[in-house]
Amino acid sequence: MLKCFFTFFTQLVNFSSWFKEIYSVAHNNSSPKKLLGVLIGGSGLIGGTLAHYFKTKTPDEIELRAPSSKKLSIRNAQDIRDYLKRVKPDFVINTAIANIGSDSQLALEINYLGTLNLARATAALEIPYIHVSSAATLPNGEDLVEDDQLQISPKLNNYAKSKLMAEQTLKYMYKNVGLDYTAIRLAVVYGEHDHKIQGFHRLFFSIADESMPVLFTKKKVMHSYSNANKFPYFVHHILKNREEFSGETYHFVDKNPVELADLILTIKSYLELSTPREIYVPYSMATFGKKALEMLLKVFSRIGMKGGLPAELMFLENFYKTQTLSSEKLRASSFVDPMPTETIYTKLPELVVYYLTRWTHQNLISTFNESIIDNSSMAGEFEQTPRKFLETIHADSTAPFRDLITR
Ligand SMILES: NC(=O)c1ccc[n+]([C@@H]2O[C@H](COP(=O)([O-])OP(=O)(O)OC[C@H]3O[C@@H](n4cnc5c(N)ncnc54)[C@H](OP(=O)(O)O)[C@@H]3O)[C@@H](O)[C@H]2O)c1
């Protein structure tokens, strides 16, 4: 009797664990595993946009870890190995970059060796590696395709050289060690969250600050633009469709290129400013002016006055030369543009309000028409009627947050 009971009990236990297994398989099948990604460069313009997208749009599907460069510096190969070994991600996205004007050592270590070591780690872990690259790897010209590339040469600036070498090594590793990667080339990026004021936002800042008296370009110089807001949708899509996108390079640019002079004059009219005047400074005169300023700054530095020209001035030649990237391959892919009508022009009003508000708060600019941005909110009361503001807060806004109350 006791033996019978024991056999029955063992069978019951076996049955229940078998049932649990079946249930868990069925359950797992119905909700796919949540992916864990590592994002390098999450505090930057592109990285910040990606971090925000994955946090708000895919909380149940994808979790992203975005360690700061203090926690994980890609200059250190051991840091990369230790971090990825510990976190065990399902993919890595690299948007890190050394400052544009960095010396060769930093550009080499962050832009090239950092990329190389991330690729070596992801190849070992057999996980996808998404690499953000740049139009700086391309020559000037119109309708450039993904196979176009500059020749590697010592004459290239550190940024272009390191980005170009990174692209070539990734391709080599795809062919030779089976790296699953996608490289995405961005052109002139526009979007919110550029905390450093660089690239397009430097140009925008110079107009808003009225430090651009005339046009440092010539008529009909065209460039391609990349929309930072749309970019995460593409990254999400290529993560879900590895077969199509693995081993490939894509230009992530708006369909139509934009004339630089027209864009500058449009921004000027939005800001209701009188400068820059529509006078086109020839390239020879602009380079002469740049050299003269550099010499002047050297003289000043001897008497203890430090100053510098914006790093973007190393791209002065690009203000005078057309570089447009073909978006044909992107449009022929399975990716569907989530905001097909959004361009740099349609986005301008939003960017104007965002950056003017930001730069005003930082006391960086003050010369524009203040009615463009909404100053009627709390900050206005804080500035003009602080006592009344304090009383309003005491009357309406000091109750403890209800959702945090535990009792
Ligand atoms: N912005 C553009 O107009 C543009 C145009 C074409 C291509 N791109 C490409 O887009 C990518 C992102 O550019 P971005 O404009 O977003 O750059 P960004 O705003 O300058 O951000 C750079 C990021 O790199 C991180 N970083 C720097 N050194 C690092 C290190 N040693 N280890 C780990 N992280 C490090 C920074 O982190 P910390 O702040 O913590 O140092 C920061 O988060 C780059 O590949 C760039 O070539 C940008």
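Residues numbered from 1 in each chain as written. Predicted model: local features only at pLDDT ≥ 70, side-chain atom pairs only at ≥ 80, totals over all residues. Heavy atoms only, no water.

**So, the pairing of strand β1 (residues 35-40)**
With 5 of 6 residues buried, β1 is to be regarded as a mostly interior element. Where β1 meets strand β2 (residues 62-65), 4 bridges bridge the pair, whose relative direction is parallel. Bridge assignment links Val-38 to a residue of β2, and that residue is Arg-65. Handedness of the β-α-β unit built from β1, helix α2 (residues 45-57) and β2 comes out right-handed. Here β1 pairs with strand β3 (residues 91-94) via 4 bridges, running parallel. (Buried < 20%, exposed > 50% of the residue type's maximum accessible area, 1.4 Å probe, protein only. Helix = DSSP H or I, 4+ residues; strand = E, 2+ residues; numbered from the N terminus. Pairing = 2+ DSSP bridges. Right-handed = clockwise from strand over helix to strand, strands pointing away.)

**Describing a nonpolar patch on the surface**
On the surface, Leu-293, Leu-296, Phe-300 and Ile-303 cluster together into a nonpolar patch covering about 370 Å² of accessible area. Topologically, Ile-303 is positioned in the loop between α10 (283-302) and α11 (316-320). Assessed through its relative accessible area of 62%, Ile-303 is described here as exposed. (Patch = residues over 30% accessible without salt bridge, like charges linked within 9 Å, V, L, I, M, F, W, Y side chains within 5 Å. Areas by Shrake-Rupley, 256 points an atom, 1.4 Å probe, with all protein chains shown as cover. Salt bridge = Lys/Arg side-chain N within 4 Å of Asp/Glu carboxyl O.)

**Overview of the confidence of the model for the chain**
Averaged over all residues, the pLDDT of the chain equals 86, while 86% of them reach at least 70. Taken together, the stretch residues 15-28 has pLDDT below 50 and engages in 0 contacts with residues farther than four places along the chain or on a different chain. (pLDDT = per-residue confidence, 0-100. Contact = heavy atoms within 4.5 Å.)

**Topic: the packing of α2 against helix α7 (residues 231-240)**
The geometry of α2 relative to α7 is characterised by a closest axis approach of 9 Å and an angle of 65° between their N-to-C directions. For the element pair α2 / α7, the angle class is roughly perpendicular. When the axes of α2 and α7 are compared, the crossing they make is right-handed. Of α7, the residues touching α2 (which contributes Ile-46, Thr-49, Leu-50, Tyr-53, Phe-54 and Lys-57) are Phe-231, Pro-232, Tyr-233, Val-235, His-236 and Leu-239. Considering only residue class, the contact of α2 with α7 consists of 9 nonpolar, 2 polar and 1 charged. (Axes fitted to C-alpha atoms, helices over the stretch in contact; angles between N-to-C directions. Parallel < 35°, antiparallel > 145°, perpendicular 65-115°, else oblique. Left-handed = near helix turned anticlockwise from the far one by under 90°. Nonpolar A, V, L, I, M, F, W, Y, C, P; charged D, E, K, R; others polar.)

**Some thoughts on the nonpolar core**
Phe-200, Phe-204 and Leu-271 are the most contacted members of the largest nonpolar core, which totals 27 residues. Contributing elements (two or more residues each) for this core: α6 (200-208), α9 (260-271) and α13 (344-361). No other element matches α13, which puts 7 residues into this core. Among residues more than four places away in sequence, those in contact with Phe-204 are Ile-267, Leu-271, Leu-351, Val-352, Tyr-355 and Trp-359. (Core = buried A, V, L, I, M, F, W, Y, C linked by side-chain atoms within 4.5 Å.)

**Let's talk about helix α5 (residues 158-177)**
One turn of the α-helix equals 3.6 residues, which is why residues spaced by three or four share an orientation. For α5, spanning 20 residues, the distance from its first C-alpha to its last is 27 Å, which sits close to the expected 28 Å at 1.5 Å a residue. Buried within α5 we find Tyr-159, Ala-160, Ser-162, Lys-163, Leu-164, Ala-166, Glu-167, Thr-169, Leu-170 and Met-173. Structurally, α5 contributes buried residues whose contacts are with α4 (104-125), β4 (129-134) and β6 (181-186). Where α5 starts, the residue carrying a side-chain oxygen 3.1 Å from the main-chain nitrogen of Tyr-159 turns out to be Asn-157. A positive backbone phi angle near 75° is found at Gly-178, which sits one or two residues after α5. (Expected span 1.5 Å × (residues − 1). Polar contact = N/O pair within 3.5 Å; in protein donor to acceptor, adjacent residues only side chain to side chain.)

**Brief notes about the site of the ligand**
Contacts to the ligand come from 25 residues, most closely from Ser-43, Ile-46, Tyr-159, Lys-163 and Lys-196. Ser-73 is positioned such that a nitrogen or oxygen atom in its side chain is 3.1 Å from a nitrogen atom of the ligand. If the ligand stood free it would expose 900 Å²; the protein chains cover 86% of that surface. Elements that contribute at least two residues to the shell around the ligand include exactly α2, β4 and α5. Among the elements that line the shell around the ligand, the one with the most residues is β4, at 3 residues. Partitioned by chemical class, the residues of the shell around the ligand number 13 nonpolar, 9 polar and 3 charged. (Near = heavy atom within 4 Å.)

**Considerations on the pairing of β6**
The buried fraction of β6 is high, at 6 of 6 residues. Two strands pair when backbone bridges link them, and β4 and β6 are joined in this way by 6 bridges, in the parallel orientation. Note on β6: the bridge partner recorded for Ile-130 is Thr-182. Across 5 bridges, the pairing between β6 and strand β10 (residues 248-252) is parallel. Bridging from a neighbouring strand, Ile-184 pairs with Tyr-250 of β10.

**Concerning the packing of aromatic side chains**
Here a ring pair, both rings aromatic, is described through the centre-centre distance and the interplanar angle of the planes. For the coordinates displayed, the defined rule picks out 19 aromatic pairs. An angle of 65° between the planes, with centres 5.8 Å apart, marks the rings of Phe-234 and Tyr-250 as edge-to-face. Taken together, the residues Phe-234 in helix α7 and Tyr-250 in strand β10 connect sequence positions 16 residues apart. Arranged with centres 5.1 Å apart and planes meeting at 35°, the rings of Tyr-355 and Trp-359 form a pair that is tilted. Of this pair, Tyr-355 and Trp-359 both sit in helix α13, 4 residues apart, which is roughly one turn of that helix. Both residues of the pair, Tyr-355 and Trp-359, count as buried. Ring-pair connections join several aromatic residues into one group, and the members of that group are Tyr-190, Phe-200, Phe-204, Phe-205, Tyr-225, Tyr-354, Tyr-355 and Trp-359. (Phe/Tyr/Trp six-rings, centres within 6.5 Å; stacked < 30°, edge-to-face > 60°.)

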